[in-house]
Amino acid sequence: MDGSTFEDRKAVNGRMHTKLRHDSAHKHVAGTADYIDDIPEPAGTLHGALGMTDRAHAEIVSMDLSAVIATPGVVAVLTARDMPHSNDISPSHLHDEPVLADGLVEFHGQPAFAVIAETRDIARRAARKAKIEYSDLPHATDILDARAAGGTLVTKPLTLRRGEAEAELETADLRLQGSMRIGGQEHFYLESHIAFAIPGEDDEVTVWSSTQHPSEVQHMVAHVLGVPSNAVTVQVRRMGGGFGGKETQGNQFAVLAAVAAKKLKRPVKFRPDRDEDMTATGKRHDFLVEYDVGFDAEGRIQAVKANYAARCGYSSDLSGPVTDRALFHADNAYFYPHVLLTSEPLKTNTVSNTAYRGFGGPQGMVGGERIIEEIAYRIGVDPLEIRKRNFYGAVGSGRDLTPYHQTVEDNIAARIVAELEETSQYQARRAAILDFNRTSRVIRKGIALTPVKFGISFTMTAFNQAGALVHVYQDGSIHLNHGGTEMGQGLYTKVAQVLADAFQVDIDRVKITATTTGKVPNTSATAASSGSDLNGMAAFDAARQIKERLVAFAAERFQVAPEHIRFVPHHVKVGDELIPFPDFIKLAYFARVQLSAAGFYKTPKIHWDRTTGRGTPFYYYAYGASVSEVSIDTLTGEYMVDRVDVLHDVGKSLNPAIDIGQIEGAFVQGMGWLTTEELWWDGKGRLRTHAPSTYKIPLASDRPKVFNVRLADWSENAEPTIGRSKAVGEPPFMLPISVLEALSMAVASVADYRECPRLDAPATPERVLMAVERLKAGA
């Protein structure tokens, strides 16, 4: 970036492409990292609690809150009528999500009022004293129920079309139809939603919010209060996990805290209990995928027609872009010569589902892999062979165009898969497993190798922008602020490495500061795996501006040509003279050189027309592959993940230690989604899996017994991203599809692999056992 050699760079602690621990890792382990609930509370701080309804769909006939208000310690009770300007916090243009229910309840647990009291305990206890009378209405909590009730959609569906899928299906050599249920998922971040608002003078308010999208919280608070955005400052130092659940779902808590703070002129904090958080906030969308596929005798796909129906909940939230992205990834790494894909974002009387790591992409990909699996069982070959036969081809091969008409220019899926197949000894292990299953009566094994191709960028083009603010102080220390938020994924560390590398100083010189709307405006959510791509480039742009001014100053001051001025480890080299970085900065200050810059970056090349279903929505693709080996007990359905091997593409890694950690975490989280995590609503529309006692996330004992993760160290992004790196947040989440496929193979063994088990997700032990019994009966 600045002409120094690699050997020079090795002297800098924290340069790009080196392993470096997360800046807060030691604090996480020691319990000293400050989260919002750790901020010392100013005198007079009040606490809020949600008043939740207990009907899935009903009109509120009356709401008697007198007992709530009369509770000692209660200071105020807010209803929809107390919202100063608007009762809407919908992130979409449909304005269909109220802060508090106003006469109509649309899901069980929907907040209808908020209690503000002297303590959190008082507020929570008082909220239970409300007397609400309802007039019940018909409710639909499931995809099929919603269809039966008329199939109301929460937003416009999407169609992706290329070629003549319907006509080609009629003439295909072989054809099959099927369907698959893919379950949702609770985010289960360690820190629940929380917001802390402190009123200021005039119309000002400052809000600390556990959010991935500070600018949206700022906008929503301003909108509900009826003040301009410049009156609202939102701050985020860190979150205890987000995974997409804090992109829009923090709006309600921040708004209620801000409204109460301004009304009562006292600080107000909202921190829901885990049960309330799980009941009142959205989750990953669950899907019903219905597919019709035509293929030849070798298993090469000729045409695909598929519909992706989703349980979206009562409002639109982010269901439009989530169901869109499911279609974008329905092909995974495979070329469909003729394709027709449709989405069906159904309205249900459940909490409005929202963003979750992968943002619909994992559901789309699971559906695509089911098609591959079905073909493999139909013609009796290893599913890996079907995968290889259907990979995208090279540019110009006629097999390089996605269903949304983007050319796949950087396809390394085949190389990733071939390398992993060899290094994991997949073929030998599969042969051994086939032998084992022939003689084992109770325990059966399975193995699968699945690829990942994941597009990187927000599909809303405008969101692909970022800003950063960099100050260099007189002593040579550097202050960094950018629009990205830190939720444990290491974004702050990576962007600080960008600056350390740019200025050739140790990372200790770079002060990472809390994300705030008061420093970098109009930020996009830290989502879509774009945090490092966008904010890293924005910070680099700010550094570039400052360095250009410094070079111009040195050229004039020392009468040296600009090309003979370089930033080298801990120094600036001016001609043959080495000046320590702090001394050089002091000289620049006294020469009145501006040592601050606002950087900016917008992703190039991308465009998307949703109306026509055509465009280039993704800047590039990230790739990966995994091999999973499992053992199941055919008498109980219980299973173990014995071994996992992963090879993943992060381009030229900005920080290999953090990237491997992200891959490992994503794999276990994705494995939980596909195997143990099950959301369940009862006949009254109540979410019954609303606490750790009823919702099973993976435990330490559930991790693969052997877990080998490698980066494709030969990869380098073909696009000029920061350091030629690639995103790592979402793509590895889909690697554990190989666990589901391996379980399927183990189940299929009881019927000699003659039939696709059609395991729905999550493949809980109950589902595995039922599939085993079904195949045994058929055999």
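**Some details on the overall build of the chain**
Of the regular secondary structure elements, the chain holds 20 helices and 29 strands. Taking 779 residues into account, the globule formula puts the C-alpha radius of gyration at 28 Å, and the chain, at 27 Å, falls close to it. Along the first, second and third principal axes, the C-alpha set of the chain runs to 85 × 75 × 50 Å. The buried share of the chain, reckoned over its 779 residues, is 62%. Restricting the contact set of the chain to residue pairs at least 6 apart, pairs at least 24 apart contribute 80%. Taken as a whole, the chain presents about 28500 Å² of accessible surface, with 51% of it coming from carbon and sulfur. Between the averaged position of the 84 positive side-chain charges in the chain and that of its 97 negative side-chain charges there is a distance of 2 Å.

**Concerning the environment of Tyr 291**
The topology assignment puts Tyr 291 in strand β13 (residues 286-295). Exposure remark for Tyr 291: the relative accessible area of 3% places this residue in the buried category. Separated by 17 residues in sequence, Tyr 291 and Tyr 308 have C-alpha atoms that sit 8.7 Å apart. For Tyr 291, the residues in contact, after removing those within four places along its chain, are Leu 176, Gln 177, Gly 178, Ser 179, Met 180, Lys 305, Ala 306, Arg 370, Ile 371, Glu 374 and Arg 758.

**Quick notes on the pairing of strand β28 (residues 639-648)**
Taken across its 10 residues, β28 has eight buried, putting it largely inside the fold. Looking at chain direction, strand β27 (residues 620-633) and β28 are connected through nine bridges and run antiparallel. The residue of β28 that forms the bridge with Val 627 is Asp 645. Between β27 and β28, which pair antiparallel in sequence order, lie five residues; one of them, Gly 637, sits at a positive phi of approximately 85 degrees. In terms of strand pairing, β28 meets strand β29 (residues 706-711) through six bridges, oriented parallel. Each bridged residue has a counterpart across the sheet, and for His 648 the counterpart in β29 is Leu 711.

**Side note on the sheet that holds strand β16 (residues 443-456)**
Strand pairing within a sheet occurs via backbone hydrogen bonds; the two strands may be parallel or antiparallel. The sheet built from four strands is open, its strands ordered β16-β27-β28-β29 with mixed pairing. The outermost strands of the open sheet, each flanked by one partner alone, are β16 and β29. With direction set aside, neighbouring strand axes in the sheet form an average angle of 15 degrees. Against the sheet, helix α13 (residues 413-423) engages β16, β27, β28 and β29, with an angle of about 35 degrees to β27. Its contacts with the sheet put helix α18 (residues 656-675) on β27, β28 and β29, and the angle it makes with β29 is roughly 130 degrees.

**A few points about the sheet that holds strand β19 (residues 510-512)**
Overall, mixed pairing links the four strands, which are arranged β19-β18-β17-β24 in an open sheet. The strands lining the two open edges of the sheet, one partner per strand, are β19 and β24 (596-602). Going across the sheet, the axis of each strand differs from the next one's by a mean of 25 degrees, ignoring polarity. Here strand β17 (residues 465-472) runs beside β24; their pairing, made up of seven bridges, is antiparallel. Counted as the bridge partner of Ala 466 is Tyr 601 from β24. Lying over the sheet, helix α15 (residues 491-503) contacts β17, β18 (478-482) and β19, oriented at roughly 135 degrees with respect to β18. Running at roughly 140 degrees to β24, helix α16 (residues 531-558) makes contact with β17, β18 and β24 of the sheet.

**Topic: the side chain of Glu 216**
Mapped onto the fold, Glu 216 is located in helix α7 (residues 214-225). An unpaired buried charge is present at Glu 216: no salt bridge exists, and Lys 246, the closest side chain of opposite charge, is 15 Å distant. At 3.1 Å, the side chain of Glu 216 and the side chain of Asn 251 are in polar contact.

**Here's the deal with the nonpolar core**
Counting residues in each nonpolar core, the largest one holds 159 residues, and the members touching the most others are Leu 499, Phe 503, Leu 550 and Phe 584. For this core, the element with the most residues is α16, which contributes 12 residues. Ignoring anything within four residues of it in the chain, the contact list for Phe 584 reads Leu 550, Phe 553, Ala 554, Val 572, Val 574 and Ile 579.

**Thoughts on the packing of aromatic side chains**
Inspection of the entire model under this criterion finds 21 aromatic pairs. An angle of 80 degrees between the planes, with centres 5.5 Å apart, marks the rings of Phe 328 and Phe 618 as edge-to-face. With Phe 328 in helix α10 (residues 319-328) and Phe 618 in the loop between β26 (614-616) and β27, the pair connects residues that are 290 residues apart, well separated along the chain. No difference in accessibility class separates Phe 328 from Phe 618, as the two residues are buried. Here a set of aromatic residues connected by ring pairs shows up, and it is made of Phe 328, Tyr 404, Trp 608, Phe 618, Tyr 621 and Tyr 623.

Basis of the calculations
Residues numbered from 1 in each chain as written. Predicted model: local features only at pLDDT ≥ 70, side-chain atom pairs only at ≥ 80, totals over all residues. Heavy atoms only, no water. Helix = DSSP H or I, 4+ residues; strand = E, 2+ residues; numbered from the N terminus. Rg over C-alpha atoms; globule rule 2.2 N^0.38 Å. Buried < 20%, exposed > 50% of the residue type's maximum accessible area, 1.4 Å probe, protein only. Contact = heavy atoms within 4.5 Å. Areas by Shrake-Rupley, 256 points an atom, 1.4 Å probe, with all protein chains shown as cover. Lys, Arg positive; Asp, Glu negative; His and termini not counted. Charge placed at Lys NZ, Arg CZ, Asp CG, Glu CD. Pairing = 2+ DSSP bridges. Axes fitted to C-alpha atoms, helices over the stretch in contact; angles between N-to-C directions. Salt bridge = Lys/Arg side-chain N within 4 Å of Asp/Glu carboxyl O. Polar contact = N/O pair within 3.5 Å; in protein donor to acceptor, adjacent residues only side chain to side chain. Core = buried A, V, L, I, M, F, W, Y, C linked by side-chain atoms within 4.5 Å. Phe/Tyr/Trp six-rings, centres within 6.5 Å; stacked < 30°, edge-to-face > 60°.

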